[in-house]
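Each chain is listed here by its residues.
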Amino acid sequence: MPPPSAGGIAMAQILGILAFRPETQDMPRRIHDFAEAGRLAFADRDRYVADADFVALPCGSWRSLLEPAYLKRRAAEIGPMRMGRAEPGNPKGAADLAGGAMPEMQSTSHISVVDAEGRAVSLTASVESLFGTRITAGGFPLNNKLTDFSFNPRAEGRLVANRVQPGKRPRSAMAPTIVTENGKVKMVVGSAGGPLIINYVARTMLATLDWKLPPEAALEMANLGSRNGPTEVESCRTPTAWAEGLRAMGHKVRLREMVSGTHLILRGEREGRQGWMGVTDPRREGAAAGD
């Protein structure tokens, strides 16, 4: 998903940074690397990503944030202990902009679809603030995406990339994603969840494609990550040993509810047969169905 959504870029940055990190089977260490990669990605997101019609992206393209050489430099910033608040990187052609936070209220839906011909759709939609503006037109609630802009136009003495401007599209965290392998659809995934969407989707992809968890186990696993603040882990689902291991590495662990709404379709093998596996998040409404 390209700008003005920052979801796809941040998610790809997290996965790209982790590609340069050493493999480990130690779960607290895995979470440490994932959280640190999230800090770096969110720092870049806040500094550089907004509506590309209004903000000059580094080197004129969001792809500069995903160049392997740049991600390798960012991965090298991850050490054995928590880094604290990450600073934005310096990709080629970086603009002199400031970061800016926005609330991104959690009022989003997601659906993943694959048809009999293998055509795929990953769709995330939001009206904001539960019922948007709380005004309807023709039976449809009107959205309130103005809350996705940064409230302050300046920070650190510089203009904020995601400031309000006439005709400008606000930034979001939505990250509908289709993964292909050898030219064929391998995975269709996405989630609801406001600014936490990025970590929800990235963690699901890591758990299934990298850690080889079954899709049901991947969605049932505790949500976790960092948005360049405390390391957030899902209360009630996170093993105590994981949280203690993170604290030992200097993490300020914040236990909280993390109600994702991930819909995952994965092509793979089950009971000796190749086919599609569809799974929905157990944390909220939704069901998987297929012929």
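A few points on the structure. Remember, predicted model here, so these are calculated numbers, not experimental data.

## Comments concerning the pattern of salt bridges
Point 1. For the structure on display, the rule yields 20 salt bridges.
Point 2. When the shortest N-O distance is used, the salt bridge between E36 and R39 registers 2.5 Å. Residue E36 and its partner R39 are located together in helix α2 (residues 27–48), separated by three residues, close to a single helical turn. Exposure class is identical for E36 and R39. Each is buried.
Point 3. A salt bridge links R169 to D53, with the nearest nitrogen and oxygen atoms 3.6 Å apart. Linking R169 in the loop between β6 (158–159) and β7 (177–181) with D53 in the loop between α2 and α3 (68–75), this pair joins segments that are 116 residues apart in sequence.
Point 4. Given a relative accessible area of 38%, R169 falls into the partly exposed group.
Point 5. Residue D53 is classed as exposed on the basis of its relative accessible area of 64%.
Point 6. One network of salt bridges, in which partners are shared, links R227, E232, R254 and R256.

## As for the pairing of strand β8 (residues 184–190)
Point 1. The element β8 is extensively covered by neighbouring structure, given that five of its seven residues are classed as buried.
Point 2. Summarising the sheet, β7 and β8 pair through five bridges and their orientation is antiparallel. Directly across from T180, in β8, lies its bridge partner V185.
Point 3. What sits between the antiparallel neighbours β7 and β8 is a turn of two residues, in which N182 has the positive phi angle 55°.
Point 4. Summarising the sheet, β8 and strand β12 (residues 263–270) pair through four bridges and their orientation is antiparallel. Bridging from a neighbouring strand, V189 pairs with L264 of β12.

## Some words on the sheet that holds strand β11 (residues 253–256)
The pairing of strands in a sheet comes from backbone hydrogen bonds and takes either a parallel or an antiparallel form.
Point 1. Taking strand neighbours across the sheet as the criterion, the three strands line up as β9-β10-β11 in an open arrangement whose pairing is mixed. Every other strand in the sheet has two partners, leaving β9 (224–226) and β11 as the edge strands with one partner each. Along the sheet, successive strands turn relative to each other by an average axial angle of 25°, direction set aside.
Point 2. The pairing of β9 with strand β10 (residues 231–234) spans three bridges and is classified as antiparallel. Each bridged residue has a counterpart across the sheet, and for L224 the counterpart in β10 is V233.

## Some details on the sheet that holds β12
Point 1. Across the sheet, which stays open at both edges, the four strands sit in the order β7-β8-β12-β13 with antiparallel pairing between neighbours. Edge positions in the sheet fall to β7 and β13 (273–280), since each has one partner strand and no second. When strand polarity is set aside, the average angle formed by the axes of neighbouring strands in this sheet is 30°.
Point 2. Sheet strands in contact with helix α4 (residues 197–210) are β7, β8 and β12, and its direction is about 140° off that of β8.

Parameters and conventions
- Residues numbered from 1 in each chain as written.
- Predicted model: local features only at pLDDT ≥ 70, side-chain atom pairs only at ≥ 80, totals over all residues.
- Heavy atoms only, no water.
- Salt bridge = Lys/Arg side-chain N within 4 Å of Asp/Glu carboxyl O.
- Helix = DSSP H or I, 4+ residues; strand = E, 2+ residues; numbered from the N terminus.
- Buried < 20%, exposed > 50% of the residue type's maximum accessible area, 1.4 Å probe, protein only.
- Pairing = 2+ DSSP bridges.
- Axes fitted to C-alpha atoms, helices over the stretch in contact; angles between N-to-C directions.
- Contact = heavy atoms within 4.5 Å.

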